[in-house]
Amino acid sequence: MGMTMAEKVLARASGREVVRPGDILECSVDQVVQVDLSFALMDKVPTRVKSPEKISVIFDHSVPAPSVKDADGMAIARRYARKFGLKLYDVGRHGICHQVIMENAIALPGTLLACGDSHTCAAGALNCAARGLGDAEILHAACKGTAWYIVYPTVLFELEGNWGEWVSGKDVLFYIADKHGDFVNHNLEFNGGAVEEMILDDRHTLATMCTELSAEFVMFPADAKLLSYLRERTDRAFEPVSSDPDAVFESVLPIDVSDIEPYVALPHSVPHNTIPIRKLDRVRIDQAFIGSCANGKLQDLSAAATILKGKRVAPEVRLIVTPSSQEVYLEAVRLGYVSTLVEAGAVITPPTCGACFGHHMGVLARGERCISSSTRNFKGRMGSSESEVYLASPASVAASAMTGYIVDPREV
Amino acid sequence: MLIKGRVWVFGDNVDTDLMMPHGAFDKPRSEQAKWVFRANRPGWVDLVKKGDILVAGKNFGTGSSRPAALLFKELGIDAVVADSVNGLFYRNCIDFGLPAFNCASVSDSFRENEIAEIDPRAGTIRNVTTGISLKTGKLPELLLKIIAAGGLVELLTHEGYLEPSGS
């Protein structure tokens, strides 16, 4: 009986030949990523760490610091990073951790990565087994180099068919949320011809968003596209994993992407709460947001710039755009996306998680409604508990910013 | 070890942003606890008592890595049992020393103010009020040890891995 991708990584990391669903393992983690918010919320700092070369500290949640508490957390993190010689992605060299993890090849195929943010399964797009950890266990991983994992059953999605206009990984996720709901206590694996066609950014979006289905590890194949991306970014050796031909999947779910159209998630949750945008009645918006670990990438700013070129944001709408890293920001400046968006009336913020979790750079007032390309639409997520967040792809958000109501980008 | 207490019942998909709203982030821990469920059940924090148990529906704790489990500990909650516990929230419960259990139909088997008795080693939860008993799945030894230590922060502090707070 063979193993799935995640099972193979967990077996190696726990020093076992074979692992099966139900096993509980103590694993050596290959990379530990700590973020600014953990230091602000926990006020705990290690006196010693297991392997400094395996630890990265990334500033992303509150950049630049909007409060003294955030600034204090960052000061603590800087002292900690300097004391142990850890790689620090400080303000100006920073980005949303999952983007930085990808750009800097901190996540590598076949490895196990621990990070104290819930959207860590994003790194699954790089064939890396990664899931979000809490603040206590990320400290443990830094201090002792280990974390515990439960082996969960795996569901395999096989994506085939042709991609429609303005249909992206975000829409695939919402389609899955519509048809299948959540995947609590399950690993997910994606393959198929339609996955091969996806650019890495879009796979990363899909992997990131699986957090909203409560998935554990999310794994993508290490194909030529991924390997060529990594070759440009690292000399470190790695060993990709693929599922065995006789790997055991709890279920195999075929998806024909030709059936998928631009989708929207309605307020306050994602599973079983998404519909094709064209089935939505006219919903007016106050704010449009493009950003977050899910959708603040170059592909996303490109889509927004394509839609908004020569157009204007609707008079009563504000469009906020947050590139997901300094690297993305600079490239978007070079390619002219930033000027196109500013000409259309957008505000560009520095890379930060800020607006997505209602921290800064786009907080919603009572009674306001936002269409957002971010990850999450919980009640009060982006500000007032009396505000509403609809989620969609950057193309759909850009189109909606232009019309003033939520619209299918194929209609503008 | 038996955990016995009065039960509160919550529904499906209760998320971390309801448990620990963003507005609580910059407050001291004791004050953060007063923000729990402010948007979905205002006033609940004034009714909850030390030793109470949370029973919930599916995907309890869906959402972020924020330390919401700590706030339940601060409020005196002794255990969390849900039809399904979100994976990350489950980790946070265990690693902050709060026993958490998956139990498929638990939310149908309890009403508020009934008394639950959990046996983590045997893997059972009993409704003392109605006599119904359900299997929770046993907590593995590895996780029981973390809970017994009071969580990973306490474990690391005890072993000298963490600087004293405020230093």
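From a predicted model like this one, the values you see are computed outputs, not experimental measurements.

Trainee: So what exactly am I meant to see when it comes to the overall build of chain B here?
Mentor: Helix and strand content of chain B: 7 helices and 7 strands. Ordered by position in the sequence, the α and β elements of chain B form the string β-α-α-α-β-α-β-α-β-β-β-β-α-α. For 167 residues, the compact-globule formula gives about 15 Å, and the C-alpha radius of gyration of chain B, at 15 Å, lands near that figure. Overall size of chain B, expressed as C-alpha extent along the three principal axes, is 50 × 35 × 25 Å. Burial statistics for chain B: of 167 residues in total, 58% are counted as buried. On chain B, roughly 6600 Å² of surface is accessible, and the fraction owed to carbon and sulfur atoms is 52%. The average position of the 19 basic charges and that of the 20 acidic charges among the side chains of chain B differ by 3 Å.

Trainee: Is there a simple way to think about the environment of A:Ala365 in this case?
Mentor: All names here are of chain A. With respect to the element layout, Ala 365 can be found in the loop between strand E16 (346-348) and strand E17 (369-372). Judged by its relative accessible area of 36%, Ala 365 falls in the partly exposed class. Between the alpha carbons of Ala 365 and Glu 386 there is a distance of 7.8 Å; along the sequence they are 21 residues apart. Once residues within four sequence positions are removed from consideration, Ala 365 is found in contact with Ser 384 and Ser 387.

Trainee: What's the story with the sheet that holds strand E4 (residues 87-89) of chain A in this structure? I'm lost.
Mentor: Sheet strands pair via backbone hydrogen bonds, and the direction of the pair is either parallel or antiparallel. Residue and element names in this part refer to chain A. Ordered in space as E4-E3-E2-E5-E6, the 5 strands form an open sheet in which the pairing is parallel. Looking at the sheet topology across the chains shown, the edges are occupied by E4 and strand E6 (129-132). Within this sheet the neighbouring strands show an average axis-to-axis angle of 20 degrees, counted without direction. Here 3 bridges tie strand E2 (residues 31-35) to strand E5 (residues 112-115), and the two strands are oriented parallel to one another. Counterpart to Val 32 in the pairing with E5 is Ala 114. Across the sheet, helix H5 (residues 135-144) is in contact with E2, strand E3 (55-58) and E5; its angle to E2 comes to roughly 135 degrees.

Trainee: Sorry, what's going on with the domain arrangement of chain A here?
Mentor: Residue and element names in this part refer to chain A. With domains assigned, chain A is organised as domain 1 (5-256) and domain 2 (265-406). Using C-alpha coordinates to define each centre, domain 1 is positioned 24 Å away from domain 2. Counting from both sides, the interface comprises 42 residues of domain 1 and, opposite them, 38 residues of domain 2. Both sides together, the interface formed by domain 1 and domain 2 hides about 3000 Å², and carbon and sulfur atoms give 58% of it. Linking domain 1 to domain 2 there are 2 salt bridges. Across the pair Arg 233 and Glu 327 runs a salt bridge, and its minimum N-O distance is 3.0 Å.

Trainee: Looking at this model, I keep getting lost on the environment of A:Ser38. Mind explaining?
Mentor: Residue and element names in this part refer to chain A. Mapping Ser 38 onto the fold places it in helix H2 (residues 36-42). In contact with Ser 38, not counting residues within four places along its chain, are Asp 43, Gly 116 and Asp 135. For Ser 38, the side chain forms a polar contact with the side chain of Asp 135, separated by 2.6 Å.

Parameters and conventions
Residues numbered from 1 in each chain as written. Chains lettered and ligands numbered in written order. Predicted model: local features only at pLDDT ≥ 70, side-chain atom pairs only at ≥ 80, totals over all residues. Heavy atoms only, no water. Helix = DSSP H or I, 4+ residues; strand = E, 2+ residues; numbered from the N terminus. Rg over C-alpha atoms; globule rule 2.2 N^0.38 Å. Buried < 20%, exposed > 50% of the residue type's maximum accessible area, 1.4 Å probe, protein only. Areas by Shrake-Rupley, 256 points an atom, 1.4 Å probe, with all protein chains shown as cover. Lys, Arg positive; Asp, Glu negative; His and termini not counted. Charge placed at Lys NZ, Arg CZ, Asp CG, Glu CD. Contact = heavy atoms within 4.5 Å. Pairing = 2+ DSSP bridges. Axes fitted to C-alpha atoms, helices over the stretch in contact; angles between N-to-C directions. Domains from an automatic or database assignment. Buried area = accessible area lost by both parts, 1.4 Å probe. Salt bridge = Lys/Arg side-chain N within 4 Å of Asp/Glu carboxyl O. Polar contact = N/O pair within 3.5 Å; in protein donor to acceptor, adjacent residues only side chain to side chain.

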